[in-house]
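Commentary on secondary and tertiary structure
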Amino acid sequence: MEKGKFVVLEGIDGAGTTTQAARLQRHLAERGVKSVITREPSDGPVGTVIRNALRGRIRLPEAAGGGELPKETIALLFAADRIDHLAGEILPALESGAWVLSDRYVDSSAAYQGTLIDLEWVRQINRYAIRPDLTLFFDVDVDAALARITSSRVQKDIFETRELLVRVADSYRKLYSNPPPDVFRVDANQPVDRVYDDMIGAVKRLLGV
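These remarks concern the structure in this document. Predicted model only: the values in this text are computed from it and were never measured.

Topic: the overall build of the protein
Along the backbone of the protein there are eight helices and five strands. Listing the helices and strands of the protein from first to last along the sequence gives β-α-β-α-α-β-α-α-β-α-α-β-α. Over its C-alpha trace the protein gives a radius of gyration of 17 Å, about what one expects of a compact globule, namely 17 Å for 209 residues. Across its three principal axes, the protein shows a C-alpha extent of roughly 60 × 35 × 35 Å. Within the protein, the fraction of its 209 residues that count as buried is 47%. Summarising the internal contacts of the protein: among those between residues at least 6 apart in sequence, 78% fall at separations of at least 24. Approximately 10500 Å² of the protein is accessible, and the part contributed by carbon and sulfur atoms is 52%. Computing the positive centroid from 28 side-chain charges and the negative centroid from 30, the protein places the two 2 Å apart.

Structure (structure tokens):
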């Protein structure tokens, strides 16, 4: 059986990756291609811990000041979740012949955690993660992203501040400033249908059309 393709959608919060992943899955289904949508943090046990930490539900003990978990701890949790995600969901799906569409992956750690702590250390703790067949970078203006977040979410996480999103957006752009052939930039400031069309244009080569 031919292995499936691994497609990752990257971008800051509010870039539209979740919306476009769902649209891409429908596009593939219309062409008889089975696919699985997943995300990072994952829905696994470590991913659940991360989500609670990002929303301020898991904090340091009161004796340690009761603040947010150390940034290094968050980075290690993301790396652990990624290995768990690969073993439990991504690799089995690919081996079955299904495509995997992941809303965020390794480059999100480089862009988010790498703005706050040593980037090379972040890369090292993620060195066992496999490379996607295609990475779609949804590049969006920070203010537009924040407007989408405000209109669609009741609760923000600790990364969803303008100051930090500006830094993360810059990190993504530096990361993809000289992209290899398996990375495609999508202008996510466009209307949603134009964004979709650009995304499908990049995916066509994987479909062999």
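Still more to cover.
Overview of the side chain of Gln190
Locating Gln190 in the fold gives a position in the loop between strand 5 (183-187) and helix 8 (192-207). Given the relative accessible area of 15%, Gln190 is considered buried. Polar contacts involving the side chain of Gln190 include one to the main-chain carbonyl oxygen of Asp187, which spans 2.9 Å. Within the local environment of Gln190, its side chain forms a polar contact with the side chain of Asp198, the two groups lying 2.9 Å apart. Residues in contact with Gln190, not counting those within four places in the same chain, are Val195 and Asp198.

Focus on the pattern of salt bridges
For the coordinates displayed, the defined rule picks out twelve salt bridges. Between Arg104 and Asp13 there is a salt bridge, with the nearest N and O atoms lying 3.6 Å from each other. Linking Arg104 in the loop between strand 3 (99-103) and helix 4 (106-112) with Asp13 in the loop between strand 1 (6-10) and helix 1 (17-30), this pair joins segments that are 91 residues apart in sequence. With respect to burial, Arg104 and Asp13 carry one shared label: buried. One salt-bridge network, held together by shared partners, links Asp139, Asp170, Arg173 and Arg185.

Things to note about the nonpolar core
Ranked by internal contacts, the top residues of the largest apolar core, which has 37 residues, are Ile12, Leu136, Phe138 and Met199. It is helix 8 that provides the largest number of residues to this core, a total of seven residues. Once residues within four sequence positions are removed from consideration, Phe138 is found in contact with Leu9, Glu10, Gly11, Ala15, Thr17, Gln20, Val186, Ala188, Val195 and Met199. Of all hydrophobic cores here, the second largest spans nine residues; its members include Val8, Leu86, Ile90 and Leu94.

A word on the side chain of Thr135
The topology assignment puts Thr135 in strand 4 (residues 134-139). Apart from residues no more than four positions distant in its own chain, Thr135 is found in contact with Val8, Glu10, Asp107, Tyr176, Asp182, Val183 and Phe184.

Some words on the packing of aromatic side chains
Applying the stated criterion across every chain yields a total of five aromatic pairs. On the numbers, 6.4 Å between centres and 85° between planes, the contact of Tyr112 with Tyr172 is edge-to-face. Of this pair, Tyr112 sits in helix 4 while Tyr172 sits in helix 7 (residues 162-175), and the two are 60 residues apart along the sequence. By relative accessible area, which is 5% here, Tyr112 ends up buried. We classify Tyr172 as buried; its relative accessible area is 0%. On the basis of an interplanar angle of 25° and a centroid distance of 5.4 Å, the ring pair of Phe137 and Tyr172 is categorised as stacked. Separated by 35 residues along the polypeptide, Phe137 in strand 4 and Tyr172 in helix 7 bring together distant segments of the chain. What makes Phe137 buried here is its relative accessible area of 4%. Linked through ring pairs, Tyr112, Phe137, Tyr172 and Tyr176 together constitute an aromatic cluster. In this structure, Arg23 packs its charged tip against the face of Tyr196, placed 4.4 Å from the ring centre. The ring of Tyr105 has Arg82 lying over it, and the distance from NZ or CZ to the ring centre is 5.8 Å.

Observations concerning the environment of Leu28
Structurally, Leu28 is set in helix 1. Classification of Leu28 as buried rests on a relative accessible area of 0%. Taking the C-alpha atoms as reference points, Leu28 and Arg162, 134 residues apart in sequence, are found 35 Å from one another. Leave out the neighbours within four places in its chain, and Leu28 touches Val33, Ser35, Trp99, Leu101 and Leu207.

Calculation criteria
Residues numbered from 1 in each chain as written. Predicted model: local features only at pLDDT ≥ 70, side-chain atom pairs only at ≥ 80, totals over all residues. Heavy atoms only, no water. Helix = DSSP H or I, 4+ residues; strand = E, 2+ residues; numbered from the N terminus. Rg over C-alpha atoms; globule rule 2.2 N^0.38 Å. Buried < 20%, exposed > 50% of the residue type's maximum accessible area, 1.4 Å probe, protein only. Contact = heavy atoms within 4.5 Å. Areas by Shrake-Rupley, 256 points an atom, 1.4 Å probe, with all protein chains shown as cover. Lys, Arg positive; Asp, Glu negative; His and termini not counted. Charge placed at Lys NZ, Arg CZ, Asp CG, Glu CD. Polar contact = N/O pair within 3.5 Å; in protein donor to acceptor, adjacent residues only side chain to side chain. Salt bridge = Lys/Arg side-chain N within 4 Å of Asp/Glu carboxyl O. Core = buried A, V, L, I, M, F, W, Y, C linked by side-chain atoms within 4.5 Å. Phe/Tyr/Trp six-rings, centres within 6.5 Å; stacked < 30°, edge-to-face > 60°. Lys NZ or Arg CZ within 6 Å of the ring centre and 35° of its normal.

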